[in-house]
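Spelled out, the chains give:
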Amino acid sequence: MNVRLQVVDEDLPAARHDFSVDLIVAPTQIITCGAPRRPEGLYWNDLSDDTIAEIPVLAARRRRA
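The structure displayed is predicted, hence computed values, not measured ones.

Novice: Account for the pattern of salt bridges, naming residues and giving values.
Specialist: Two side chains bearing opposite charge may form a pair once their charged atoms approach each other closely. The full count for this structure, using the stated rule, is three salt bridges. In this structure, the salt-bridge partner of Arg38 is Asp22, at a minimum N-O distance of 2.9 Å. Placement of the pair is Arg38 in the loop between strand S2 (30–32) and helix H1 (49–54) and Asp22 in the segment before strand S1 (23–25), with a sequence separation of 16 residues. Of the residues examined, Arg38 reaches a relative accessible area of 45% and is grouped as partly exposed. You can call Asp22 partly exposed: its relative accessible area is 38%. For Asp49, the salt bridge identified is with Arg62, shortest N-O distance 3.0 Å. Within this pair, whereas Asp49 is found in helix H1, its partner Arg62 is found in helix H2 (residues 56–64), the two being separated by 13 residues in sequence.

Encoded structure:
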């Protein structure tokens with residue numbers, strides 16, 4: 001299996017809630033990725049009430065806030 005066929009070395013479109021991986025570990029190699037990209041937290045305004053209701057952990061967290 002050629003892991004390199006599945007790895008790109010270019011910027012990909014990303015939303016502010018997306019995060020990056022630090023490493024890609026394959027059977028024959030470990031690829032170190034660029035600087036990590038982490039969201040600042042939950043972006044509640046980006047989530048609809050229906051989406052929150054469908055995800056129990058989000059609904060519980062919203063009730064605590």
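Having seen it, we continue.
Novice: Break down the confidence of the model for the protein chain for me, with residues and values.
Specialist: Taken over all residues, the pLDDT of the protein chain has a mean of 86, while the share at 70 or more is 92%. For the protein chain, S1 is the element with the lowest average pLDDT, namely 89, and H1 is the one with the highest, namely 95.

About the criteria used
Throughout this description, residue numbers start from 1 for each chain and increase along the sequence as written. For this predicted model, a pLDDT threshold of at least 70 governs which residues receive local features, and a threshold of 80 or more governs which side-chain atom pairs are given and counted, while totals over whole chains, interfaces and linings are taken from all residues. Remark: hydrogens and water are excluded; side-chain values derive from all non-hydrogen atoms of the structure. Salt bridges, as used here, are contacts in which a Lys or Arg side-chain nitrogen is within 4 Å of a carboxyl oxygen on Asp or Glu. Every helix listed is a DSSP run of H or I at least four residues long, and every strand listed is a run of E at least two residues long, numbered separately from the N terminus. Exposure categories follow from relative accessible area, calculated using a 1.4 Å probe and restricted to protein chains: below 20% of the type maximum is buried, above 50% is exposed, and the middle band is partly exposed. pLDDT is a residue-level measure of predictor confidence that goes from 0 to 100.

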